[in-house]
Amino acid sequence: MEDKTDFLIIGSGIAGLSLAVKLAPLGHVTVVTKKSRSDTATNLAQGGVACVFGPDDSFDLHRQDTLFAGDGLSHEDIVDMIVRQGPDRIRELIDLGVPFNRDPEDPERLDLGKEGEHSRRRIVHAEDFTGQAIQKVLGDKVSQLSSVEVLEDHIAVDLITESKIKGHLPDITARDRCLGAYILDVGTGVIHTFLAPITVLATGGAGKVYLYTSNPDVATGAGIAMAYRAGARVANLEFVQFHPTCLYHLEAKNFLISEALRGEGARLLDSEFRPFMEKYDPERKELAGRDIVARAIDTELKNSGKECVYLDISHRPADFIQRRFPNIYRTCLQYGIDITSEPIPVVPAAHYMCGGVVTNRYGETDLEGLFAVGETACTGLHGANRLASNSLLEGLVMAHQVSLRARETFPELRSRGSIHVPPWDIGGAVDMKEAILISHNWDVIRRLMWNYVGIVRSTKRLGLARERLLPILNEIQRHYWDYKLTRDFIELRNLAQVAELIVMAASQRKESRGGHFTLDYPYKDDWNWRRDTILQKSKTRCE
Ligand code: SIN
C-alpha cells in the first residue's frame with residue numbers, strides 16, 4: 001500500500017513532536033511511532049533542560065561546561081548555536097503551556113536546578129518529571145493540529161532511497177536521495193510504502209542494546225541502523241553514556257534516580273555506607289562528570305563484589321525532598337524505600353547515545369531529503385560525553401533548525417518528478433512460529449554488550465564481542481527474507497546492527513576519552529590538564 005505525505009517524522013519524543021508542531025503550517029505531517037505516542041525517552045526524563053537563565057550565568061559558561069564534558073570532541077560552532085538558542089526555545093514551550101517550576105522567592109524567574117559538571121544552576125525543570133510535562137503538552141498540541149496525523153503502533157522497517165529503487169549502488173560522487181520509508185502497521189501486519197519529500201529520523205537512542213538501561217523498551221537504535229543501511233554516515237557510537245544512578249530493585253525496571261539529587265547534596269555511599277567519591281575526584285566528588293562517577297561505582301562494585309552502592313539525600317529536610325522530587329519519592333516508596341530517611345540502592349545503567357547519524361547545523365544527513373534530530377543524530381554538541389540535561393535542549397533547538405531548512409527545501413523537493421517505488425514484497429516469507437529465535441538472540445546481545453562493551457572496555461573484550469556478534473548478524477540476515485516481519489524481529493535487527501557499530505567504533509578508538517574507557521589505553525593526562533587544554537584551544541579559536 002502506498003501512502004503519500006509531505007513530512008514523514010519517525011519518532012514521537014521531544015524532537016519529533018516539537019518539529020511536527022513547527023512543520024504543521026507547511027503541509028501534511030505524518031508522525032509514526034512504534035508504540036503509543038508517549039512511549040519515549042523524553043517521557044522518562046527527570047532532570048530538565050539546561051538553559052542560561054540565571055543572573056550569574058552566561059552563554060560562555062554553558063558553552064565551556066559543554067566543551068569540557070565533550071572532552072575535546074564537541075564542535076564549538078554547534079555548541080555555541082545550541083546554547084544561545086536555548087532561552088527562545090524554552091519560552092516557546094512556556095507559551096505552549098509547559099508548567100516549568102518558578103523560583104519561590106521571585107516567581108518572575110524560573111527555578112533552576114543543578115547537575116554534575118555545570119558551573120552554575122541552569123536546569124529548567126517541572127518538579128522531577130520534566131520530560132513527562134513536555135511530552136504531554138506537545139502531544140496535546142499535536143492532537144489539535146488538523147495537518148498532523150500520529151500513527152501509533154507503526155514501526156519503520158527501512159528507508160527508501162533512490163539508488164535502491166533504481167537498483168544500483170549509491171554513487172559516491174553524488175548525493176543519494178531519501179524517498180520515504182517502509183512502515184509496518186503492527187496491528188494489521190501490512191507494510192506500507194510511505195513516500196515523502198522530507199523524512200526525519202527522531203527515533204531516540206539505543207539503550208536497549210545493553211542489559212541494564214534507563215531507556216524505554218523502544219530505544220533500539222532504529223534511526224541509526226536505518227540510516228547506516230541507507231548509506232548515511234554515523235559517528236561517535238563508542239561514546240555510550242552510562243548514568244551512574246538507576247534504582248536497584250528486583251521489581252523496578254529502568255527507574256532513574258536523577259542527577260539532580262546529587263545537585264541538591266546527595267552523597268554516594270559504598271556497601272558499608274561510607275562516602276567514596278573523594279577517592280576518584282577529590283574536587284568535584286558526586287558532581288564530577290557522569291563517566292567518572294559511573295566508573296567509580298563500577299570499580300566499587302567490582303572491588304566489593306556487592307550488587308549496588310547507595311545514594312543518600314536523607315540529611316536534607318523531608319519536606320524539601322518530597323516537594324523537589326515528588327516522582328522519585330513516591331516511586332521509591334512503592335518499592336519500600338523512604339528516601340527521606342534511608343539511602344537508595346543504585347547501580348549504573350546505559351543512558352544516552354552521544355553519537356548517531358551525522359548531521360550539519362540544520363539536521364541534514366548525507367542523504368537529500370533525510371534529516372535526523374535528537375538522540376538519533378550526531379550534531380557535534382556532545383562530543384565524547386554529554387553534559388547533563390543538554391539532550392532535551394538539543395532536541396528542541398535542532399527541531400527548530402530542521403524546520404528552517406525544511407521550509408526552504410520542501411517546495412523544490414516536492415516538485416521533483418515522482419519515481420515508481422515498488423510495494424514491499426514479502427516473497428515466500430512465512431510466519432515465525434518460534435519467538436525464542438528472537439528472544440534468545442536479543443538476550444545474548446544485551447548481555448554481551450554489558451559484559452564486554454560496557455563502562456570499562458579492553459581490546460580483548462571488544463574482539464570477543466565482535467566474534468560473537470557476527471554469527472548472530474548472519475542468522476538475522478537469513479531470517480530477514482525467510483520470515484514475515486514483526487515488531488520484535490525489526491527491533492532485533494536494528495539492535496544487532498547498532499551493537500556491531502558500537503563495537504566497531506570502540507575498537508577503532510585507540511585511546512580513552514569521555515565515555516569510552518579502555519584498559520589498554522588509559523587516559524594519558526589528568527582531568528585538570530585536559531580541561532585547561534580544551535579551554536585554551538577554544539579561546540585561541542575565538543580570538
Ligand atoms: C537525570 O535526571 O539525571 C538525567 C538528566 C539527563 O540525562 O540529562
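Residues numbered from 1 in each chain as written. Predicted model: local features only at pLDDT ≥ 70, side-chain atom pairs only at ≥ 80, totals over all residues. Heavy atoms only, no water.

(A) Representation of the overall build of the protein chain in the model. Within the protein chain one finds 17 helices and 19 strands. A globule of 543 residues ought to have a C-alpha radius of gyration of about 24 Å, and the protein chain, at 23 Å, matches this closely. Taken along its principal axes, the extent of the C-alpha atoms in the protein chain is 65 × 50 × 50 Å. In the protein chain, which comprises 543 residues, the share counted as buried stands at 60%. For the protein chain, contacts bridging at least 24 residues in sequence account for 75% of all contacts bridging at least 6. As presented, the protein chain carries roughly 21,900 Å² of accessible surface, and 51% of it is formed by carbon and sulfur atoms. Here the protein chain holds 66 positive side-chain charges and 75 negative ones, and the gap between their average locations is 2 Å. (Helix = DSSP H or I, 4+ residues; strand = E, 2+ residues; numbered from the N terminus. Rg over C-alpha atoms; globule rule 2.2 N^0.38 Å. Buried < 20%, exposed > 50% of the residue type's maximum accessible area, 1.4 Å probe, protein only. Contact = heavy atoms within 4.5 Å. Areas by Shrake-Rupley, 256 points an atom, 1.4 Å probe, with all protein chains shown as cover. Lys, Arg positive; Asp, Glu negative; His and termini not counted. Charge placed at Lys NZ, Arg CZ, Asp CG, Glu CD.)

(B) Inspection of the site of the ligand at higher detail. Near the ligand the following residues occur: Q46, G47, H243, L256, S258, E259, R290, H351, R386, A388 and S389. The separation between an oxygen atom of the ligand and a polar side-chain atom of R386 is 2.7 Å. A breakdown of the residues in the shell around the ligand according to their chemical character gives two nonpolar, six polar and three charged. (Near = heavy atom within 4 Å. Polar contact = N/O pair within 3.5 Å; in protein donor to acceptor, adjacent residues only side chain to side chain. Nonpolar A, V, L, I, M, F, W, Y, C, P; charged D, E, K, R; others polar.)

(C) The arrangement of the packing of aromatic side chains in detail. Using the criterion set out here, one finds twelve aromatic pairs in the structure. Taken together, a centroid distance of 6.5 Å and an interplanar angle of 80 degrees make the contact between Y210 and W450 edge-to-face. In this pair, Y210 is assigned in the loop between β11 (198–201) and α7 (222–229) and W450 in helix α14 (residues 436–452), connecting sequence segments 240 residues apart. Assessed through its relative accessible area of 1%, Y210 is described here as buried. (Phe/Tyr/Trp six-rings, centres within 6.5 Å; stacked < 30°, edge-to-face > 60°.)

(D) Local environment of the pairing of strand β9 (residues 178–185). Of all eight residues in β9, eight are buried; the element is thus mostly enclosed. With seven bridges connecting them, strand β8 (residues 154–161) and β9 associate as antiparallel partners. Looking across to β9, one finds that A156 is bridged to I183. Two strands pair when backbone bridges link them, and β9 and strand β10 (residues 191–195) are joined in this way by five bridges, in the antiparallel orientation. Paired with Y182 across the bridge in β10 is T193. Hairpin connection, β9 to β10: the antiparallel pair is bridged by five residues, and G189 has positive phi, about 80 degrees. (Pairing = 2+ DSSP bridges.)

(E) Just the sheet that holds β9, in detail. Read across the sheet, four strands follow the order β1-β10-β9-β8 without closing on themselves; strand pairing throughout is mixed. Pairing within the sheet leaves two strands with one partner each, and these edge strands are β1 (2–4) and β8. Taking the axes of each pair of neighbouring strands and ignoring which way they run, one obtains an average angle of 30 degrees across the sheet. (Axes fitted to C-alpha atoms, helices over the stretch in contact; angles between N-to-C directions.)

(F) Spatial organisation of the side chain of H154. On the secondary structure map, H154 appears in strand β8. Dropping the residues within four chain positions of it, H154 is found in contact with V32, T33, K34, I183, L184 and D185.

(G) Seen up close, the pairing of strand β13 (residues 240–247). With eight of eight residues buried, β13 is to be regarded as a mostly interior element. Pairing geometry for β13 and strand β16 (residues 344–353), over six bridges, is antiparallel. When the sheet's bridge partners are listed, Q241 is paired in β16 with Y352.

(H) Looking closely at unusual backbone geometry. In this structure, E117 is a non-glycine residue whose phi angle is positive, near 70 degrees. Along the chain, E117 turns up in the loop between β5 (112–113) and β6 (123–124). Backbone geometry places D153, a non-glycine residue, at a positive phi of 50 degrees. Tracing the backbone through its elements, the reader meets D153 in the loop between β7 (148–151) and β8. Classification of D153 as partly exposed rests on a relative accessible area of 33%.

Note that all results are geometric; they support no functional claim without further evidence.
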